[in-house]
Amino acid sequence: MSEKFDADALTLNRFVMANSNDHDLVILMNAIGTACKLITSAVQRAGVAKLYGLAGEVNSTGDDQKKLDVLSNDMMINALVNSGVCCVLVSEENEEAIIVPPGRAGKFCVAFDPLDGSSNIDCNVSVGTIFSVYERPPGSNGTVDDLLRDGSECLCAGYVAYSSAVEMVFTFKGKSVHGFCLDSTIGEFVHTRNKMVFPPDGGKRIYSANEGNSVHWDQPIRDAIEVFKSGEKPYAARYVGSMVADIHRTILYGGIYLYPADNKSPKGKLRLLYEGIPMAMIIEQAGGIASTGMFEGKFQNVIDLVPDEIHAKCPIIMGGKRDVQVVYDQYKKAGIDAPTL
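Residues numbered from 1 in each chain as written. Predicted model: local features only at pLDDT ≥ 70, side-chain atom pairs only at ≥ 80, totals over all residues. Heavy atoms only, no water.

With respect to the environment of Pro-138
Here is step 1: Among the secondary structure elements, Pro-138 is positioned in the loop between strand E6 (127-135) and strand E7 (156-162).
Here is step 2: Separated by 31 residues in sequence, Pro-138 and Lys-107 place their C-alpha atoms 9.5 Å apart. (Helix = DSSP H or I, 4+ residues; strand = E, 2+ residues; numbered from the N terminus.)

Structure follows, in structure tokens:
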């Protein structure tokens, strides 16, 4: 047989079945995969289909909605509601949680950002989808409270990057991180990256942060950025502004991604349920550190935070141990007790 064709391709559905033996979870991931294929088509045809520009609305956190935000959100919701295995959905684009009607409800609660980084879409920069999955607790019929739990109860999480290739990065709780590329010739996500981990030596020296917010940062964060810039081996600055793209690069190449709490956003800017927790789960299980930095008077792990509402926010410092330690060391120099990794 030709080496160009795999007669035994490990697809996403097959991978989920082999690692969970849960038919409902296979159905769920098939629904998410289908939605992401639809979003892929919309993103790739955005110019031709006149999907650039604003939709004239704002989302749950006050951001202007793009046309592709609305379309991607509808695609995710329709796929998940009609999968028959979900009971509660939370989307960045909806103010309130979506409770699936009893006749179509199942056991899963899913939180998602349907199109992360959509402010970049009109200039053709990478965007993505992020999701986290919880299971309805015993005795519950499916309520918002079923999602207001820390990341230790998250069953699985993933993100999809829409770029030169369409790639899903996915992990089960406590398991390895794996990558799946969308093969457009067969319409399936196919396993391409096995047990993704941060580079053992820390990898490339890259820092990623929106330095436009630096005037609002506390001094140790500013000092850390200065160390990255002016150390013996200066770091490169890379900031896409799409969390999926920045985190994906950080895992593969090494480095650090920061969106800390500051004077303007004391609770942070990123949403916990569908940005912080799923990315923290992936980062940690790839061998990295997912910290809040100094938040509410102490250093915490993002995965341990409990959201008090569905759009709760959190600060983020995520990356390899080498680089996160640089940030912690600046707090130590300021007389603040910080972890040693």
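Description of the nonpolar core
Here is step 1: Core analysis: the largest hydrophobic core is formed by 44 residues, its most contacted members being Tyr-159, Ile-247 and Ile-251.
Here is step 2: Among the elements that make up this core, the one with the highest residue count is helix H6 (residues 272-285) (9 residues).
Here is step 3: Setting aside its immediate chain neighbours within four residues, Ile-251 contacts Tyr-159, Met-196, Val-197, Phe-198, Pro-199, Ile-282, Ile-283 and Ala-286.
Here is step 4: Among the nonpolar cores identified, the runner-up in size contains 43 residues, and Leu-12, Val-16, Val-26 and Leu-68 belong to it. (Core = buried A, V, L, I, M, F, W, Y, C linked by side-chain atoms within 4.5 Å. Buried < 20%, exposed > 50% of the residue type's maximum accessible area, 1.4 Å probe, protein only. Contact = heavy atoms within 4.5 Å.)

Quick word on helix H7 (residues 321-333)
Here is step 1: Over its 13 residues, H7 extends 18 Å from the first C-alpha to the last, a length consistent with the 18 Å expected when each residue adds 1.5 Å.
Here is step 2: Listing the buried residues of H7 in full gives Asp-323, Val-324, Gln-325, Val-326, Val-327, Tyr-328, Gln-330 and Tyr-331.
Here is step 3: Residues of H7 that are buried sit in contact with helix H4 (219-230), strand E13 (256-259), strand E15 (289-295), strand E16 (298-301) and strand E18 (316-319).
Here is step 4: Remark: Gly-335 follows H7 within two positions and exhibits a positive phi of approximately 85 degrees. (Expected span 1.5 Å × (residues − 1).)

Here we look at the packing of helix H1 (residues 12-20) against helix H2 (residues 23-44)
Here is step 1: The geometry of H1 relative to H2 is characterised by a closest axis approach of 9 Å and an angle of 155 degrees between their N-to-C directions. On the basis of their axis angle, the class for H1 and H2 is roughly antiparallel. The chirality of how H1 crosses H2 is right-handed. Across the interface between the two elements, Leu-12, Asn-13, Val-16, Met-17 and Ser-20 of H1 pack against His-23, Leu-25, Val-26, Met-29 and Asn-30 of H2.
Here is step 2: Of the residues assigned to the contact of H1 with H2, the class counts are 6 nonpolar, 4 polar and no charged. (Axes fitted to C-alpha atoms, helices over the stretch in contact; angles between N-to-C directions. Parallel < 35°, antiparallel > 145°, perpendicular 65-115°, else oblique. Left-handed = near helix turned anticlockwise from the far one by under 90°. Nonpolar A, V, L, I, M, F, W, Y, C, P; charged D, E, K, R; others polar.)

With respect to unusual backbone geometry
Here is step 1: Unusually for a residue other than glycine, Asn-124 sits at a positive phi of about 65 degrees.
Here is step 2: Residue position: Asn-124 is located in the loop between strand E5 (108-116) and E6.
Here is step 3: Here Asn-124 falls in the exposed class, since its relative accessible area comes to 66%.
Here is step 4: Its identity as a non-glycine residue notwithstanding, Glu-296 has a phi of 55 degrees, on the positive side.

Points about the sheet that holds strand E4 (residues 98-99)
Here is step 1: Reading across the sheet, the 8 strands line up as E4-E3-E5-E6-E7-E8-E9-E10 and stay open at both edges, with mixed pairing between neighbours. The open sheet has two edge strands, E4 and strand E10 (188-193), and neither has a second partner.
Here is step 2: Examined bridge by bridge, E6 and E7 share 7 bridges and lie antiparallel to one another. Its bridge partner being in E7, Thr-129 is matched across the sheet by Val-160.
Here is step 3: Most of the contacts of H1 go to strand E8 (residues 166-172), to which it runs at about 5 degrees, and overall it touches E8, strand E9 (177-183) and E10. (Pairing = 2+ DSSP bridges.)

A short note on the packing of aromatic side chains
One pair of aromatic rings is described through two measures. These are the centre distance and the angle between the planes.
Here is step 1: Throughout the structure, instances matching the rule amount to 8 aromatic pairs.
Here is step 2: Arranged with centres 5.9 Å apart and planes meeting at 15 degrees, the rings of Tyr-207 and Phe-228 form a pair that is stacked. Linking Tyr-207 in strand E11 (residues 206-209) with Phe-228 in helix H4, this pair joins segments that are 21 residues apart in sequence.
Here is step 3: Between Phe-299 and Tyr-331, the aromatic rings sit 5.0 Å apart at their centres with planes inclined by 90 degrees, giving edge-to-face as the arrangement. Here Phe-299 is found in strand E16, whereas its partner Tyr-331 is found in helix H7, with 32 residues between them in sequence. Tyr-331 shares its class with Phe-299; the two are buried.
Here is step 4: Aromatic ring contacts, followed pair by pair, group Phe-15, Phe-131, Phe-170, Phe-172 and Phe-180 into a single cluster.
Here is step 5: One cation-aromatic arrangement involves Lys-204 over Tyr-253; the distance from NZ or CZ to the ring centre is 4.3 Å. (Phe/Tyr/Trp six-rings, centres within 6.5 Å; stacked < 30°, edge-to-face > 60°. Lys NZ or Arg CZ within 6 Å of the ring centre and 35° of its normal.)

Some points on the side chain of Asp-323
Here is step 1: Inspection of the secondary structure puts Asp-323 in helix H7.
Here is step 2: Those residues within four positions of Asp-323 in sequence are excluded, and the remaining contacts are Gly-202, Phe-228, Tyr-235, Gly-255 and Ile-256.

Comments concerning the pattern of salt bridges
Here is step 1: In the structure shown here, the tally under the stated rule is 10 salt bridges.
Here is step 2: Put simply, Arg-322 and Asp-323 hold a salt bridge, and the shortest N to O gap is 2.9 Å.
Here is step 3: The partly exposed category is assigned to Arg-322, whose relative accessible area is 25%.
Here is step 4: Three or more residues are tied together by salt bridges with common partners; here these are Glu-92, Arg-271 and Glu-275. (Salt bridge = Lys/Arg side-chain N within 4 Å of Asp/Glu carboxyl O.)

Section: the sheet that holds E11
Here is step 1: On the basis of which strands lie adjacent, the open sheet formed by 6 strands has the order E12-E11-E13-E18-E15-E16 and mixed pairing. The outermost strands of the open sheet, each flanked by one partner alone, are strand E12 (236-237) and E16.
Here is step 2: Here 3 bridges tie E15 to E18, and the two strands are oriented antiparallel to one another. Bridge pairing in E18 places Ser-291 opposite Ile-317.
Here is step 3: Across the face of the sheet, H4 comes into contact with E11, E13 and E18 while running at roughly 145 degrees to E11.
Here is step 4: Its contacts with the sheet place H6 against E15, E16 and E18, and it is angled at close to 25 degrees to E18.

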